[in-house]
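What follows is the residue order along each chain.
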Amino acid sequence: MTDTNITFQQLGLSDAMLKALEKKGYGYPTSIQAEAIPQFMQWKDVIAKAPTGTGKTFAFGIPMIEHIDAENEHVQGLILAPTRELAIQIGDELRGLLTYFKNIRVAVLYGGSGIGAQIKQLERKPQIVVATPGRLMDHYNRKTIRLDKIQTVVLDEADRMLDMGFFKDVTKIIEKVKNRKNLGLFSATISQEVMTVSWMYQRDEVEITIEPSKEDRPDIDQFSLTVSPLAKAETALRLIRTQGFERVIVFCNTKHMCQRLSDEFKRAGLMCDCLHGDIRQNQREKTMQHFRNGKLPILVATDVASRGIDVDDVDCVINFDIPEENEYYVHRIGRTGRAKRKGQAWNILGNFPEKAKLDEIAKFSHYTIKPMLLGDDNLLTEDIVKSPAPVKRRFR
């Protein structure tokens, strides 16, 4: 995350906002914040591409809060997110920014949780709503929320949201916001669907691209370990036990593997829990809260947790399974090396297809992933990969 030479004071923010940022320890805006906040403050439409971990939530959250009329009890700002976890995280970050503001309320709406408690949130007249598209449409159809007074709409992780099949819901929602002043699209990648939404609904939009420079990229050392398929779980266990990691996320590709690995770790005596789509929402929130506040050192998760989980001091990410999509790898390892800390990412390879996939990811992302060996004495050494011997041709 890169700090700029501009200060938050120079962006013309209110005293209440400056005090909240100071309390959080933020002195300078990141590149995306320095570019996006002034445009949003002027009610411009913004389409922004920035790497994960560069502070996109504050880039749209700060000006949205600054625009809220606290005396007006209608919903004035709407943020759409692709997953429950990201919606909850955005809500938490906004509430942190509202520490010194009076009478500005935030509601968070998402599926997989009782609708009654969310209706009670809406009855408190929030001016900002963070929601997943499906649950927002549910509330709209029940007439528990009105969209006609909303001024700003933001799509966070727009590429993933539209890729997950929310295109129709998202466009319906935007069309129902009749008095919208500006629309923000924030994304790590700009897909065709994102461009389509921009073309349909944005006017004179400001395009912002933050390239993943060395400064913007998280500082992550990346390694691989090649073992037999049956030794993968034991290798992950040894790695966690011997390297002194205090907070670790282990990623699996399937819910079944996620649950199985978590159970194996628990049987081995590790404090661990898992996060996947079959876990009840209230349990997922409890697990995530324990992980955030340090009560839970190891989290085993599927890609439901790979984006938007903002925990600043994750020491290490372990890919127990190599992800099927190149972008997923980027988002997974982006959970470590945040807030200017150094992080580590380990990839445990159990067969040739996994190695081939990791090689493709390294090429796609311009990453250096160093092969390592974990000895019987638990010492790590570099695995020197020998070049194949030249094939001798036989002439008959």
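Residues numbered from 1 in each chain as written. Predicted model: local features only at pLDDT ≥ 70, side-chain atom pairs only at ≥ 80, totals over all residues. Heavy atoms only, no water.

## Re the packing of aromatic side chains
What the rule picks out here adds up to 5 aromatic pairs. Between tyrosine 26 and phenylalanine 58, the ring centres sit 5.2 Å apart and the planes meet at 70°, which makes this aromatic pair edge-to-face. Taken together, the positions of tyrosine 26 in the loop between helix H1 (15-24) and helix H2 (31-41) and phenylalanine 58 in helix H3 (residues 56-67) put the pair 32 residues apart, joining distant regions of the chain. When its relative accessible area of 4% is taken as the criterion, phenylalanine 58 is described as buried. With centroids separated by 6.0 Å and ring planes inclined at 55°, the aromatic side chains of tyrosine 329 and tyrosine 367 adopt a geometry described as tilted. Of the two residues, tyrosine 329 sits in helix H12 (residues 326-333) while tyrosine 367 sits in the loop between helix H13 (352-365) and strand S14 (369-374), which places them 38 residues apart along the sequence. For the pair shown, tyrosine 329 and tyrosine 367 are each scored as buried. An aromatic cluster of at least three residues, connected via ring pairs, comprises Phe40, Phe60 and Phe186. Directly above the aromatic system of tryptophan 43 lies the positively charged group of lysine 181, at a separation of 4.5 Å from the ring centroid. A cation sits over an aromatic face here: lysine 232 above phenylalanine 320, 4.9 Å from the ring centre. (Phe/Tyr/Trp six-rings, centres within 6.5 Å; stacked < 30°, edge-to-face > 60°. Helix = DSSP H or I, 4+ residues; strand = E, 2+ residues; numbered from the N terminus. Buried < 20%, exposed > 50% of the residue type's maximum accessible area, 1.4 Å probe, protein only. Lys NZ or Arg CZ within 6 Å of the ring centre and 35° of its normal.)

## As for the sheet that holds strand S3 (residues 106-109)
Taken in spatial order, the 7 strands make up an open sheet running S3-S4-S2-S5-S6-S1-S7, and their pairing is parallel. Edge positions in the open sheet fall to S3 and strand S7 (206-209), since each of these has one partner strand only. Put simply, the sheet's adjacent strands are angled 15° from each other on average, direction ignored. In this sheet, strand S6 (residues 182-187) lies alongside strand S5 (residues 152-155) in parallel orientation, the contact comprising 4 bridges. Counted as the bridge partner of valine 153 is leucine 183 from S6. (Pairing = 2+ DSSP bridges. Axes fitted to C-alpha atoms, helices over the stretch in contact; angles between N-to-C directions.)

## Details of the pattern of salt bridges
Throughout the structure, instances matching the rule amount to 14 salt bridges. Salt-bridge contacts for arginine 142 lead to aspartate 138; the nearest nitrogen and oxygen are separated by 3.1 Å. A relative accessible area of 28% means that aspartate 138 is categorised as partly exposed. Glutamate 354 is the salt-bridge partner of lysine 232, the closest N and O atoms lying 3.0 Å from each other. Of this pair, lysine 232 sits in helix H9 (residues 232-242) while glutamate 354 sits in helix H13, placing them 122 residues apart in sequence. For the pair lysine 232 and glutamate 354, one class covers both residues: buried. Linked through salt bridges whose partners overlap, the residues forming this network are Arg135, Asp138 and Arg142. (Salt bridge = Lys/Arg side-chain N within 4 Å of Asp/Glu carboxyl O.)

## With respect to the nonpolar core
Ranked by internal contacts, the top residues of the largest apolar core, which has 42 residues, are Leu13, Ile62 and Phe186. When contributions to this core are tallied by element, the ones reaching two or more residues are H1, H2, strand S1 (46-49), H3, helix H4 (84-97), S3, strand S4 (128-131) and S7. Ile145, Leu147, Ile150 and Tyr201 belong to the second largest nonpolar core, which has 29 residues in total. (Core = buried A, V, L, I, M, F, W, Y, C linked by side-chain atoms within 4.5 Å.)

## Topic: the pairing of strand S10 (residues 272-275)
Bridge count for S10 against strand S11 (residues 298-301) is 4 bridges, and the pairing is parallel. Its bridge partner lying in S11, aspartate 273 is registered against leucine 299. At this point the chain moves from S10, through helix H11 (residues 281-292), to the parallel S11, and the crossover so formed is right-handed. (Right-handed = clockwise from strand over helix to strand, strands pointing away.)

## Considerations on unusual backbone geometry
Outside of glycine, negative phi angles account for most residues, and trans bonds account for most peptide bonds. The backbone phi angle of lysine 143 is positive, close to 65°, even though this residue is not glycine. You can see lysine 143 is positioned in the loop between helix H6 (133-141) and S5. Not every positive phi belongs to a glycine, and glutamate 157 is a case in point at roughly 50°.

## Some thoughts on the environment of asparagine 253
Along the polypeptide, asparagine 253 turns up in the loop between strand S9 (248-251) and helix H10 (255-267). For asparagine 253, a relative accessible area of 26% corresponds to the partly exposed category. For the pair asparagine 253 and proline 353, spaced 100 residues apart in sequence, the C-alpha separation works out to 14 Å. The contact partners of asparagine 253, leaving out residues within four places of it in the chain, are Asp321, Ile322, Pro323, Glu324 and Arg332. Here the side chain of asparagine 253 touches isoleucine 322 through a polar contact of 2.9 Å, landing on its backbone oxygen. (Contact = heavy atoms within 4.5 Å. Polar contact = N/O pair within 3.5 Å; in protein donor to acceptor, adjacent residues only side chain to side chain.)

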